[in-house]
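Understanding the architecture of this molecule
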Amino acid sequence: MIDDLWYKNGVFYCLSIGTYMDANGEGIGDFKELLRRLDYLHGLGVTAIWLMPFQPSPGKDDGYDISDYYGVDQRYGTLGDFVEFTHGCRQRGIRVIIDLVVNHTSDAHPWFRDARSSPDSQHRDWYVWADKKPASANKGMVFPGVQKSTWTYDKEAKAWFFHRFYDFQPDLNTSNPYVQAEILKIMGFWIQLGVSGFRMDAVPFVISTKGSKVTTPIEQYDMLRSLREFLQWRQGNAIILAEANVLPETDMEYFGKDGDRMHMMFNFHVNQNLFYAMASADSRPLAKALAATKPRPASAQWGLFLRNHDELDLGRLTKAQRDVAFKSFGPDKDMQLYDRGIRRRLAPMLGGDRRRLELAYSLMCTLPGTPVIRYGDEIGMGDNLALPERNCARTPMQWSTEPQAGFTESDKPCSPVIDEGPYGYEHINVAKQRRDPNSMLNWTERIIRMRKEVPEIGWGDFRVIATRDPAILAIRYDWRNNSVLFVHNLDEKPRETSFSVGLAGDEGKHLINLLSEDHSEANNRGKHTLMLEAYGYRWYRVGGLDYLLKRTDIDGVNANHPE
Ligand code: NOJ
C-alpha cells in the first residue's frame, strides 16, 4: 500500500557524530558511543536519524570536504562500528540517512591530487578547469564575505579550478559520465551497509552545468531521475532528501512531475516565511508560502525544519521582511552571517521563551511535511557566538552536569562545550530534563508521539482556514474520512478567534483537543470561538476520538468531506 512510505509521516533527527558523544575520551564523538545512545533517540520517538558527514576529511567544512567516500574517519570509529550502528538502529526501527556530498570533494582527495598533477591524468576531467581566470570568478559565491571567489589558481595544475563553495572544495565535473558512475557506486556502497537513503548536499549545484564558459548554469534535472532509478533498483524503500533552496516554481522539477526524482526536499521557502511570521505575528506570508509549495507528487514529501547546522538563510525574503526577522531574532551584527542569515540556535533566537519554543515546534510538527529536528534543540541548547561562522551552533551535545557536559572525558573537546550563561550545560542538559516532567525534553517527546499519531498531516490534503486575524494560523487536514485542525497564535498577546471548520453537516461541530481537555463545541451557526493565550496552539481532531473506526483504507473516500 502506498501509505507504507516511511518518510511520509516520520520524525527525523539530525546529528553530527563528532559533537554528539565520545566514548574513547578523545574529545570527539564516535559510533560506539552513539550506538549506546540509541535508546535515548528511540525513547524520544524519532523515526530516522540524518547523520552528517563522517567520512575521512580534513574537516575544514565540518566534514563537507570529503577525502574518501568509502570510509569512516578514524576519529569516529571504523566501518565495522558503522555497521554495528546501522544494525542497532534497525533493531529499534530507526532508519538512517547519511549525507551524500558529491558536488565537490576535499582538495585532499586522491582524485583531486591526481587531477592537479597533470593535464593527462586519469582524473583531470573529474574536476572543472580553466587556463585563464574566468570572467565569472568573482560571482556566485555561496559564502559571501568569507569566500572571495569561485575560481582559484592551482600552481601544481597550472590552471584555474572551479569551486562553488570554499577554495578547498573543488567542484566535481558532475557532467562527466565517470563521475556520475562513481556517485552511484558511493550510494550503492552505503546502502549495502544499512542506510535507508541520503540527504543530498547542494543539489542545484550538483546538477548544474559547470565551466568557465557557463554564464547562466542550467540544471540538468534528468540526472535526478538516474540517481533515483539506481537507488530504487538497489533498495526499493530508500530515499533521497534534497538540499535545494530553490523557488517554488521549480519544486516540481526536483520532485519530478511523475514523482520520479527526489522523494523529499527541505522546504526552505516555508522555513524563511515561518521565521518571518513568528517575528511579525503575521501568518499571511506563511500561508502564501504553504500555498506556493503545495504542489507535489503523492509519494513526495517536504522536510520541515526550524534550524539546521547552517545559518538560517533569509535570503529569499524581501529586504523589509528580512530586517524584521533580523530585528527580532538576530539584531547584532555578529549574530548574522553571509549578508542573508542568522547563525544562532533556536532557543536563544526565541529569547529562551518556552511559549515561543513550543509554538515554533508545534508549527514545525503541523505544517505539511516531515519534521526534522536538530540535535540539542529538544533540550533548548544555545550557541557560542565566539566561534566563527556556523560553528557557533555546532557545539557538543549537553548530556549531563558532569565535566564537559558528559560529552567526553577529555578536557579538550573538539569544539568547546557551552559552560556559562543560561544555556550552559549545568542548566541545560538531558539528565536534568529527563527527571523533570515539565521539561522541554519531555514536552518534545510527547509532541513527537502525538505527531506520529496524526498521519493526516503527512498524507492528507490541507487548507488554511480563514479567521480574519493575521496573527492566527488555522490549518485543516483531510485524509481517509478524517480531519484534524491546528490553530496557532503567533502574537505575544492573547487572541480570541472564531472560525468555522468548513466541513459539511455536523462534521465540524466537535473539536477534540489532542493535547489537553479543553475541547470545543461550535455554536448554532457552526462557529467555534477559541481564546488562545499568547503564543498559544491547539491540536484538534475533528469529530471524535473514534476516528480509527471511521478511517477508510483507500484514498478519495471522504463521505463527509464533499470539498
Ligand atoms: C551545504 C551544507 O549544509 C553546508 O554545511 C556545507 O558547507 C555546504 N553544503 C557545502 O558542502
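As shown above, the structure is provided for reference.
All values derive from a computational prediction rather than experimental measurement.

Quick word on the environment of arginine 525
- Mapped onto the elements, arginine 525 comes out in the loop between β20 (520-521) and β21 (528-532).
- Taking the relative accessible area as the measure of exposure, arginine 525 reaches 64% and is therefore exposed.
- As a C-alpha pair, arginine 525 and lysine 509 span 16 residues in sequence and 9.8 Å in three-dimensional space.

Let's talk about the packing of helix α13 (residues 354-366) against helix α15 (residues 440-452)
- Between α13 and α15, the least distance of the axes is 11 Å, while the angle of their chain directions is 20 degrees. If you check the angle between α13 and α15, you find them roughly parallel. Crossing of α13 over α15 shows right-handed handedness. Taking contact as the criterion, the partners of Arg354, Leu357, Glu358, Tyr361, Ser362 and Cys365 in α13 are, on α15, Met440, Trp443, Ile447 and Arg451.
- The residue inventory of the contact of α13 with α15, partitioned by class, reads six nonpolar, one polar and three charged.

A word on the pattern of salt bridges
- A complete count under the given rule lists 34 salt bridges for this structure.
- Residues aspartate 222 and arginine 261 are paired through a salt bridge, measuring 3.6 Å at the closest nitrogen-oxygen approach. Taken together, the residues aspartate 222 in helix α7 (residues 222-234) and arginine 261 in the loop between α8 (251-255) and β9 (264-266) connect sequence positions 39 residues apart.
- On the basis of relative accessible area, aspartate 222 is assigned to the exposed category, the value being 55%.
- Take arginine 261: its relative accessible area is 14%, and that puts it in the buried class.

A closer look at the pairing of strand β8 (residues 239-242)
- Both faces of β8 are covered, namely the face carrying Ile239 and Leu241 and the face carrying Ile240 and Ala242.
- Here two bridges tie β8 to β9, and the two strands are oriented parallel to one another. Of the residues in β9, the one forming a bridge with leucine 241 is methionine 264.

With respect to the site of the ligand
- What surrounds the ligand is the set Asp61, Tyr64, His104, Phe143, Phe165, Arg199, Asp201, Glu243, His309, Asp310, Arg390 and Arg394.
- Contact between the ligand and aspartate 310: an oxygen atom at 2.5 Å from a side-chain N or O atom of the residue.
- Look at the ligand: alone it shows 290 Å² of surface, and the protein chains cover 98% of it.
- Here the shell around the ligand is built from residues that sort into three nonpolar, two polar and seven charged.

A look at the packing of aromatic side chains
- Summed over all chains, the structure comprises 41 aromatic pairs.
- Ring centres of tyrosine 70 and phenylalanine 189 lie 5.2 Å apart, and the angle between their planes is 90 degrees; on these two criteria the pair is classed as edge-to-face. Separated by 119 residues along the polypeptide, tyrosine 70 in the loop between β2 (48-51) and α3 (79-91) and phenylalanine 189 in helix α5 (residues 177-192) bring together distant segments of the chain.
- Taking the relative accessible area as the measure of exposure, tyrosine 70 reaches 23% and is therefore partly exposed.
- For phenylalanine 189, a relative accessible area of 25% translates into the label partly exposed.

Describing the environment of asparagine 442
- Considering the arrangement of structural elements, one finds asparagine 442 in helix α15.
- Overall, asparagine 442 belongs to the buried group, its relative accessible area being 15%.
- Along the sequence, asparagine 442 and glutamate 378 sit 64 residues apart, while their C-alpha atoms lie 8.6 Å from each other.
- Of the polar contacts made by the side chain of asparagine 442, one reaches the backbone oxygen of glutamine 433; its length is 3.1 Å.

Details of the sheet that holds strand β3 (residues 95-100)
- Overall, parallel pairing links the eight strands, which are arranged β1-β2-β3-β7-β8-β9-β10-β14 in a closed barrel. Strand after strand, the sheet turns through a mean of 25 degrees between neighbouring axes, direction not considered.
- Bridging between strand β1 (residues 12-15) and strand β14 (residues 370-374) involves three bridges; their strand directions are parallel. Note that in β14 the partner of cysteine 14 across the bridge is arginine 374.
- Running over the sheet, α13 touches β10 (301-305) and β14 and is turned about 140 degrees from β14.

Comments concerning the nonpolar core
- Formed by 149 residues in total, the largest nonpolar core has its most connected members in Tyr13, Leu51 and Phe82.
- Of the residues forming this core, the biggest block, eight residues, is contributed by helix α9 (residues 268-280).
- Among residues more than four places away in sequence, those in contact with phenylalanine 82 are Phe31, Leu51, Phe54, Val72, Ile98, Trp190, Leu193 and Val195.
- In terms of nonpolar packing, the next biggest core, distinct from the first, is built from 13 residues, Ala474, Leu485, Leu511 and Leu530 among them.

What about the side chain of lysine 8?
- Mapped onto the secondary structure, lysine 8 falls in the segment before β1.
- The side chain of lysine 8 is buried and forms no salt bridge, while aspartate 555, the nearest opposite charge, is found at 8.9 Å.
- In terms of polar contacts, lysine 8 uses its side chain to reach the backbone carbonyl oxygen of alanine 300, at 2.9 Å.
- In this view, lysine 8 contacts Arg296, Ala298, Ser299, Ala300, Gln301, Thr370, Gly458 and Trp459; residues no more than four positions away in its chain are not counted.

Cut-offs applied
- Throughout this description, residue numbers start from 1 for each chain and increase along the sequence as written.
- The model is predicted, so local features are restricted to residues of pLDDT at least 70 and side-chain atom pairs to those at 80 or more, both for listing and for counting; the totals for chains, interfaces and linings are taken over all residues.
- Water and hydrogen atoms play no part in the side-chain values, which are based on all heavy atoms of the structure.
- Note on conventions: DSSP H or I runs of at least 4 residues are helices, E runs of at least 2 residues are strands, and numbering of each starts at the N terminus.
- Note on classification: 1.4 Å probe, protein chains only; a residue is buried when its accessible area is under 20% of the maximum for its type, exposed when over 50%, partly exposed between these limits.
- Note on geometry: axes are lines fitted to C-alpha atoms, helical ones only across the stretch in contact, with angles between N-to-C directions running from 0 to 180 degrees.
- Between 65 and 115 degrees an angle is taken as roughly perpendicular, under 35 as roughly parallel, over 145 as roughly antiparallel, and anywhere else as oblique.
- Left-handed describes a crossing whose near helix is turned anticlockwise from the far helix through less than a right angle; right-handed describes the clockwise counterpart.
- In this analysis, two residues are considered to be in contact whenever any of their non-hydrogen atoms come within 4.5 Å of each other.
- Residues are grouped as follows: Ala, Val, Leu, Ile, Met, Phe, Trp, Tyr, Cys and Pro are nonpolar; Asp, Glu, Lys and Arg are charged; every other residue, Gly included, is polar.
- Each reported salt bridge corresponds to a side-chain nitrogen of Lys or Arg within 4 Å of a carboxyl oxygen of Asp or Glu.
- Each pair of strands is called paired provided DSSP finds at least two bridges between the two strands.
- Note on terminology: near, applied to a residue and a molecule or strand, indicates that one of the residue's heavy atoms is within 4 Å of it.
- In protein, a polar contact means a hydrogen-donor-capable atom and an acceptor-capable atom, both N or O and within 3.5 Å, with residues adjacent in sequence counting only if both atoms are side-chain atoms; elsewhere, any N or O pair within 3.5 Å suffices.
- The Shrake-Rupley method, run with a 1.4 Å probe sphere, supplies the accessible areas, and residue values consider only the shown protein chains as cover.
- Ring pairs shown here join Phe, Tyr and Trp side chains whose ring centres sit within 6.5 Å, with only the six-membered ring taken for Trp; geometry is labelled stacked below 30 degrees between planes, edge-to-face above 60, and tilted in between.
- We call a set of buried Ala, Val, Leu, Ile, Met, Phe, Trp, Tyr and Cys residues a nonpolar core when their side-chain atoms join them within 4.5 Å.
- The charge count includes Lys and Arg as positive and Asp and Glu as negative, but it does not include His or the ends of the chains.

These figures come from the coordinates and say nothing about function on their own.
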